[in-house]
Amino acid sequence: MGACCAKTQTPFDGMSRDYRRRLWLVIGLNAGMFVVEMAAGQAAGSKALQADALDFFGDAVTYGISLAVIGASLRTRALAALGKGVSLLLMGLWVAGSTLHQVFVLGVPQAAVMGSIGFLALAVNLASVMLLVRYKDGDANVRSVWLCSRNDAIGNLAVMMAALGVWGTTTAWPDLAVAGLMAALFLSSAVQILSQGVREFRQNALAPAESI
């Protein structure tokens, strides 16, 4: 359990000036990398890069929502987490669908572009992870932030592995396989966030009314 939660059984709710500053930093990092990686993915014809760019976009939105509901009622924070869970679910389905479509399209992604952009994205994500690792535990709203950051770091390592696979095999299959794995990661995170959000929403319904 992180330092922010060590002295209480109540999940950390984001009420920290330091936490807000860190979120603003990672919002900027993720929004910037979304633009860079989506353009590179389009130019290189890489589904893995595009899937990872979409993850950056999802993170930036997630962090923005998290900032907006800090200090709100448990019900509001739970509803925000449910919304983010649904967005992750939709992203996972989009990546899965586009990957299946790409299977029937000829063309091999550019491994050099995939590798170089993947390395840059990994550096950005490691910085984000280091900024947020102290707050990886908390309520559904806070936990969704950590899961998105973790997804990015894993995704960038996977993209670099896909680039090596594309270079070594001169086929698109490694890129498609990694995009499929990232889709599964989105869906798994969505299930975790939705499950915790539903539990917290139900707890709020059973608890005495709190001020908003």
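Overview of the structure. For clarity, every value in this text was computed on a predicted model and none was experimentally measured.

1. Remarks on helix 1 (residues 17–44)
Stage number 1. With 28 residues, helix 1 should cover 40 Å at 1.5 Å per step; its first-to-last C-alpha distance of 40 Å lies within 8% of that length.
Stage number 2. When we look at burial in helix 1, the residues that qualify are D18, Y19, R22, L23, V26, I27, N30, M33, E37, A40, G41 and A44.
Stage number 3. Capping the start of helix 1 is the job of one residue whose side-chain oxygen sits 3.3 Å from the backbone nitrogen of D18: S16.
Stage number 4. One or two steps after helix 1, the chain reaches G45, where phi turns positive at roughly 70°.

2. Quick look at the environment of A80
Stage number 1. Here A80 is to be found in helix 3 (residues 74–103).
Stage number 2. Through-space distance from the C-alpha of A80 to that of S66 is 7.7 Å; in sequence the pair is 14 residues apart.
Stage number 3. Beyond its immediate sequence surroundings of up to four residues, A80 is in contact with I65, V69 and N141.

3. As for the environment of V35
Stage number 1. Along the chain, the position of V35 falls in helix 1.
Stage number 2. Classification of V35 as exposed rests on a relative accessible area of 55%.
Stage number 3. When the C-alpha atoms of V35 and F56 are compared, they prove to be 8.9 Å apart, with 21 residues separating the residues in sequence.

What counts, and where the lines are drawn
Residues numbered from 1 in each chain as written. Predicted model: local features only at pLDDT ≥ 70, side-chain atom pairs only at ≥ 80, totals over all residues. Heavy atoms only, no water. Helix = DSSP H or I, 4+ residues; strand = E, 2+ residues; numbered from the N terminus. Expected span 1.5 Å × (residues − 1). Buried < 20%, exposed > 50% of the residue type's maximum accessible area, 1.4 Å probe, protein only. Polar contact = N/O pair within 3.5 Å; in protein donor to acceptor, adjacent residues only side chain to side chain. Contact = heavy atoms within 4.5 Å.

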